[in-house]
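Report on the structure
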Amino acid sequence: MGVDTSAQVGHGKRWAARAALVAAALAVLLPLGYGGVDGVLLLFAALLGVAVTAAALWWALTRRGPLRWVAAVLAAVAPGAVITLFAVTGLLWAVPVSLALWTVAVWSGRYALRSDRTRAPRPKERRASPPRRPFLVMNPHSGGGKVAKFGLREKAERLGAQVVLLDPDKHQDVTALARAAVADGADLLGVAGGDGTQALVAAVAAEHGLPFLVVCAGTRNHFAMDLGLDREDPATCLDALGFAGGHPFVNNASFGAYAAVVQSPAYRDDKIGTTLDLLPDLLTRRRGPRLTARAADTTLDAPQAVLVSNNPYRTNDPAGLGRRERLDSGLLGVLGITVDSAAEAAALVLDPAPDGLAVLTTREVVIDADRAEIEAGIDGEALVLPAPVHCRIEPGALRVRVPKERPGVPEAQPSLDWRRLRTLAATMGRTAVVRHPGRGRDT
């Protein structure tokens, strides 16, 4: 086996890698160089401040009474104390300069590591003929009244759609409405409403092999966002539909602390107060089921929270947290959090790969508990499901009708790999390519 140096490395990416390494080094060395011993002590003080803040937040969430308020004050005071130390030593100017240098290092490093292989393949798209009998369900109160604000009903009816407005004063079975429309000859099903309503109608569309139309009239519209829309237009064409215990979800299914909180009747009227009242018992396991999550060869024992997403959420890009790069991967994303002490809470912030955070991808995950029923949040809807809950994904189950022009999902950024950056920065205009002996071409 030999080495061939015929493959050129991009000139700009080599210099971007060098700029990233230099900027990162300066971000650390600048306050140390000017502050000397004080700079070293301040660096440790900053790390200690982060750890204390995280630990204090854990105490504030898991305690009641005076101790909670003391912890909350400590969480607020710790960052201020670190800033005061920098100011007293005359190195306060180094904080914004170091942050700016870190920004340059991250941007340059990601540019240097970016390649076509890091980009998600575009989903398959094809032209679609206009539907003959489209049917849409619209929630007039969703998203603060977007249906009326944007005249969605009138526009849909002008395009030939049959529109049913949901009545908030009485219960209406959205699934039954969609199935009745299919029986009446509908060849497209759509929703202008929240993600929970979209999931119900999407399940009927997938069941009958009909295209699905998303009208972004909900409050958050996570599904539309991850489909690449500007949340003012219908959705993009992808294949994705998940089920938790037989219930469809287009975004996620949550179990554990959050799912238990949203079950409370008081949560809708007082979200913060209800959350603070319930979390101490939930996080310390004095209340709620003891969960177990099993996915392939991995078992999560007693996590406080498990989030199962229809296609994985980004975890390596802070700017892309809460977004899914693809909706046609055919995989579920699983995030599990297990934190039992203030030290473990601090590790979640300081450790690049904390033991308390599990990130998995799988086709199926089973959520079990030490009781007969499990509280769950399915696309924001509070449900109680019989244990165990089998979460699965059905690739290719759903076709979504799309506008030709749409913003698209922002490109995912590659993870910063400092070893790769050092290798790339050290190359002198060429990179090594493996050549096998006796062959006339590179591999």
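Here the focus is the overall build of the chain. For the chain, the count of helices and strands is 13 helices and 19 strands. Excluding contacts between residues fewer than 6 apart, the proportion of contacts in the chain whose partners are at least 24 apart in sequence is 71%. Surface exposure of the chain reaches about 23600 Å², of which carbon and sulfur atoms provide 58%.

Let us look at the pairing of strand S5 (residues 211-215). With respect to burial, S5 is a largely interior element, five of its five residues being buried. Of the two faces of S5, the one holding Pro211, Leu213 and Val215 and the one holding Phe212 and Val214 are both buried throughout. Note: strand S4 (residues 188-192) against S5, four bridges, orientation parallel. The residue of S5 that forms the bridge with glycine 190 is leucine 213. You can see the chain leave S4, run along helix H8 (residues 195-208) and come back into S5, and the turn it takes is right-handed. Where S5 lies against strand S18 (residues 399-400), two bridges are found, and the strand directions are parallel. From the neighbouring strand, proline 211 faces S18, where its bridge partner is arginine 399.

Let us now look at the packing of helix H4 (residues 94-113) against helix H13 (residues 418-426). One can describe the packing of H4 onto H13 by two numbers: an axis separation of 10 Å at closest approach and a directional angle of 70 degrees. Considering their axes alone, H4 and H13 lie roughly perpendicular with respect to each other. Contacts between H4 and H13 involve Trp102, Ala105, Gly109, Ala112 and Leu113 from the first element and Trp418, Arg420, Leu421 and Leu424 from the second. A class-by-class count of the residues in the contact of H4 with H13 yields seven nonpolar, one polar and one charged.

Glancing now at the sheet that holds strand S12 (residues 332-337). Spatial ordering of the open sheet is given by S13-S12-S11-S8-S15-S16, a layout of six strands whose pairing is antiparallel. Strands with a single pairing partner mark the edges of an open sheet, and in this sheet they are strand S13 (357-362) and strand S16 (381-386). Ignoring strand direction, the axes of neighbouring strands in this sheet form an average angle of 20 degrees. Pairing of strand S8 (residues 252-256) with strand S11 (residues 305-310) involves five bridges; the strand directions are antiparallel.

Okay, the sheet that holds strand S3 (residues 162-165) next. Pairing in this open sheet of five strands is parallel, and the strands run S3-S2-S4-S5-S18 from one edge to the other. On the outer flanks of this sheet lie S3 and S18, each paired with one strand and no other.

Below, the discussion takes up helix H11 (residues 271-283). Along an α-helix, a turn takes 3.6 residues, which lines up residues three or four apart on a common side. Taking 1.5 Å per residue as the helical rise, H11 with its 13 residues ought to reach 18 Å, and the 17 Å between its terminal C-alpha atoms agrees with that figure. If you look at H11, its biggest bend is around 30 degrees, right at aspartate 277, and the proline proline 280 turns up within four residues after that. Taken as a whole, H11 has its buried residues at Thr274, Leu278, Leu279, Pro280, Asp281, Leu282 and Leu283. Turning to H11, the residues buried within the fold contact helix H2 (37-62), helix H3 (66-88) and helix H10 (257-263). By the N-cap criterion, in which a side-chain oxygen at the helix start approaches the backbone nitrogen of a residue two or three places on, H11 is capped by aspartate 270, the distance to glycine 273 being 3.1 Å. Of the residues trailing H11, arginine 285 is marked for its positive phi of about 65 degrees.

With omega at -5 degrees, the peptide bond leading from alanine 387 into proline 388 counts as cis. Of note, the phi angle at alanine 296 is positive, near 55 degrees, even though the residue is not glycine. You can see alanine 296 is positioned in the loop between strand S9 (291-295) and strand S10 (298-301). On the basis of relative accessibility, which here comes to 75%, the residue alanine 296 falls in the exposed class. Of note, the phi angle at asparagine 311 is positive, near 75 degrees, even though the residue is not glycine. With respect to the element layout, asparagine 311 can be found in the loop between S11 and S12.

Moving on: the pattern of salt bridges. All chains considered together, the criterion is met by nine salt bridges. Note that arginine 179 is salt-bridged to glutamate 207, the shortest N-O span being 3.1 Å. With a gap of 28 residues between them, arginine 179 in helix H7 (residues 174-183) and glutamate 207 in helix H8 connect regions that are remote in the sequence. Residue classification places arginine 179 among the partly exposed positions, given a relative accessible area of 43%. The exposure class of glutamate 207 is partly exposed, given its relative accessible area of 49%.

Turning next to the environment of leucine 357. Note that leucine 357 resides in strand S13. Judged by its relative accessible area of 36%, leucine 357 is partly exposed. Note: C-alpha distance between leucine 357 and valine 339 (18 residues apart in sequence) is 8.5 Å. Those residues within four positions of leucine 357 in sequence are excluded, and the remaining contacts are Gly336, Ile337 and Leu348.

Per-residue confidence for the chain averages 81 on the pLDDT scale, and 83% of its residues sit at or above 70. Ignoring residues within four places in sequence, the model shows residues 233-240, a span with pLDDT below 50, making 41 contacts including any to other chains. Below a pLDDT of 50 lies the segment residues 430-443, which in the model reaches 31 contacts outside its immediate sequence neighbourhood of four places, other chains included.

Another point: the pairing of strand S15 (residues 373-378). Sheet topology places S8 next to S15; three bridges connect them, and they run antiparallel. Bridging across to S15, phenylalanine 255 finds its partner in alanine 376. In this sheet, S16 lies alongside S15 in antiparallel orientation, the contact comprising six bridges. Across the sheet, residue glutamate 373 finds its bridge partner in S16, namely proline 386. In textbook terms, the turn of a hairpin is the stretch between consecutive antiparallel strands, and for S15 and S16 this stretch comprises two residues, one of which, aspartate 379, has a positive phi near 50 degrees.

Thresholds applied
Residues numbered from 1 in each chain as written. Predicted model: local features only at pLDDT ≥ 70, side-chain atom pairs only at ≥ 80, totals over all residues. Heavy atoms only, no water. Helix = DSSP H or I, 4+ residues; strand = E, 2+ residues; numbered from the N terminus. Contact = heavy atoms within 4.5 Å. Areas by Shrake-Rupley, 256 points an atom, 1.4 Å probe, with all protein chains shown as cover. Buried < 20%, exposed > 50% of the residue type's maximum accessible area, 1.4 Å probe, protein only. Pairing = 2+ DSSP bridges. Right-handed = clockwise from strand over helix to strand, strands pointing away. Axes fitted to C-alpha atoms, helices over the stretch in contact; angles between N-to-C directions. Parallel < 35°, antiparallel > 145°, perpendicular 65-115°, else oblique. Nonpolar A, V, L, I, M, F, W, Y, C, P; charged D, E, K, R; others polar. Expected span 1.5 Å × (residues − 1). Bend = angle between axes of the 7 residues up to and from the residue. Polar contact = N/O pair within 3.5 Å; in protein donor to acceptor, adjacent residues only side chain to side chain. Salt bridge = Lys/Arg side-chain N within 4 Å of Asp/Glu carboxyl O. pLDDT = per-residue confidence, 0-100.

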